[in-house]
Structure formats: structure tokens, C-alpha cells
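An overview of the molecular structure
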Amino acid sequence: MARIPLLDENDPATPAEARERLLEAKRSRGKLINIYRAMANRPEALAAFTTLAATVYRAGSTLAPQHGELAYLTATAVNDCFY
Amino acid sequence: MQHLLAEPLPDGVYEPAETAIIAYARKSTRLEPIDDVTYGALAAHFSTQQIIDICMTVGLSNMVNRFHATFRTDVDAETLAEVAAGDLAAGTCPLPRPKAPG
């Protein structure tokens, strides 16, 4: 059980800015996963995270996809990822 | 995924450029010094801009791992379903989740 709320993009109670940032993250990554819903508690941080990820790791990266994934997944493997 | 921690890496699985990324990502994540050999291997295959993207992607992954460890984010049903269906690429973390502390 997460320690903070996971804001749902389809919930009318989700604040407008959080919903907007969630939909931006969805467009950038192709699907919404819970890290975005958790980060949506701090919409500005979610926006900054989405921009960074899109710039260095996803669509805007200078790397070939497999190289980006190797950098990302090796770190996750070393950290024995908690997700 | 299972090879990424192997020491040494298995022969014939990774290209030299990929080996350079793995060696760097390990050291950076473990906060070990990035010695000239490790950096030199990256520089032999990648531009400065690409090395910056590699560096910041490793950092991004570490940030995400810390975020999950801090807030214990539940794995969403969609991802669990995809992993259960055998799509390991969908699983953001196909490694077994460790026992919760305490």
C-alpha cells in the first residue's frame, strides 16, 4: 500500500493541474503507471520529471533505445528495484 | 536482465558499446569512482551529448528506485497483468520485489 495517494486521471476529484500533468506523462510515455499517479501529488515535480525523462531517456534522447534501456535497467538491477 | 550484474559479463551477449554502458551504470549507481578506463570506454563509443544522456538516465533510474522505496508505490494492475502474460519488457521491474522491511 503506497504511503501517499495515487491520483487517478479519471477521478473528477483529481485537481485539474494534476490531471493535466498525468495526461502529459501518458502522452510522453505511452501509458500511465503508478509512479506518475504518485508524483501527481506534486504536479510541478511530475512535469519536471516527465520533461527530464523525455529529454535524456525517451523520445528526445541522443541514445539508441537499447542503449538508453541498458543504462536505465542496469541501475535498476544494481538497486534491486523496489517497484 | 539477469546478465546485467554478472561479473564478468557473458561472452557474445553485449557489444563493446553496451558493455561500456553496463560497467558505467554499475559504478555510478554504487557511487564508485568513475575511473579513466570506465569513462574512456564510454568516450570510445559515444559523443559528449550521448554520455550526458547515459549519465542522466542512470540518475533517473536511481531517482525512480528511491521514489518507489520511499513511497512504496504499488505496481499498477496493468503492469502486473502484462508481466504475468510474460511481457517482461512491460514490467518496469521484473526483479523479485524484496520482502517489505519490518
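Throughout what follows, the structure given in this document is the object of discussion. Bear in mind that the values here come from a model prediction, so they are computed numbers and not experimental data.

Attention now goes to the packing of aromatic side chains. All names here are of chain A. Applying the stated rule across the entire model yields 3 aromatic pairs over all chains. Centre to centre, the rings of Tyr57 and Tyr72 are 4.8 Å apart; their planes meet at 10°, and the pair counts as stacked. Remark: Tyr72 occurs in helix α4 (residues 65-78) and Tyr57 occurs in helix α3 (residues 43-57); sequence separation between them is 15 residues. The pair formed by Tyr57 and Tyr72 is uniform in burial state, with each residue classed as buried.

So, on to the packing of helix α1 (residues 16-29) of chain B against helix α3 (residues 48-71) of chain B. Residue and element names in this part refer to chain B. Where α1 meets α3, the closest approach of the two axes is 10 Å, and the angle between their N-to-C directions is 50°. Judged on the interaxial angle alone, α3 and α1 are oblique. Classified by chirality, the crossing of α3 by α1 is right-handed. Here Ile21, Tyr24, Ala25, Ser28 and Thr29 of α1 lie close against α3, whose contacting residues are Ile54, Cys55, Val58 and Asn62.

Attention shifts here to the environment of Thr55 of chain A. Here Thr55 of chain A shows up in helix α3. Between the C-alpha atoms of Thr55 of chain A and Lys31 of chain A, which are 24 residues apart in sequence, the distance is 17 Å. Setting aside residues up to four positions removed in sequence, Thr55 of chain A forms contacts with Gly60 and Ser61 of chain A together with Asp53 of chain B.

Below, the discussion takes up the interface of chain A and chain B. Frequently, the measure chosen for interface size is the accessible area removed from exposure when the parts meet. Across the contact, 40 residues belong to chain A and 46 residues belong to chain B. In total, chain A and chain B occlude about 4200 Å² of area from one another, counting both sides; carbon and sulfur atoms represent 68% of this. If you look at where chain A meets chain B, you find 0 salt bridges. Where chain A packs against chain B, one counts 12 residue pairs in polar contact (both at pLDDT 80 or more). Those elements giving two or more residues to the side of chain A that touches chain B turn out to be α2 (34-39), α3 and α4 of chain A. No other element matches the 12 residues that α4 of chain A contributes to the side of chain A that touches chain B.

Conventions used here
- Sequence positions are assigned chain by chain, starting from 1 and proceeding in written order.
- Both sets of labels track the order of writing: A upward for chains, 1 upward for ligands.
- The predicted nature of this model means local features are confined to residues of pLDDT at least 70 and side-chain atom pairs, given and counted, to a pLDDT of 80 or more, with totals for whole chains, interfaces and linings taken over all residues.
- Side-chain metrics rest on all non-hydrogen atoms present in the structure, leaving aside hydrogens and water.
- Stacked, tilted and edge-to-face pairs are distinguished by plane angle, under 30 degrees for stacked and over 60 for edge-to-face with tilted covering the rest, among Phe, Tyr and Trp rings (Trp via its six-membered ring) whose centres lie within 6.5 Å.
- A run of H or I in DSSP counts as a helix once it spans at least four residues, and a run of E counts as a strand once it spans at least two, with each numbered from the N terminus.
- Remark: exposure states derive from per-residue accessible area (1.4 Å probe, protein chains only) relative to the maximum for the residue type, with buried under 20%, exposed over 50%, and partly exposed in between.
- To get an axis, a line is fitted to the C-alpha atoms, and for a helix only the part in contact is used. The angle between two axes follows their N-to-C directions and goes from 0 to 180 degrees.
- Small angles under 35 degrees read as roughly parallel and large ones over 145 as roughly antiparallel, with 65 to 115 read as roughly perpendicular and the rest as oblique.
- Two helices cross in a left-handed way if the nearer one is turned anticlockwise from the farther one by less than a right angle. They cross in a right-handed way if the turn is clockwise.
- The criterion used for residue contact is that any of the two residues' heavy atoms lie within 4.5 Å.
- Here the quantity called buried area is the total loss of accessible area, with a 1.4 Å probe, experienced by two parts when brought into contact, counted for both.
- Here, a salt bridge means any side-chain nitrogen of Lys or Arg that lies within 4 Å of a carboxyl oxygen of Asp or Glu.
- Contacts described as polar in this section are N or O atom pairs within 3.5 Å, which, within protein, must combine one atom able to donate a hydrogen with one able to accept it, while residues neighboring in sequence count only if both atoms come from side chains.

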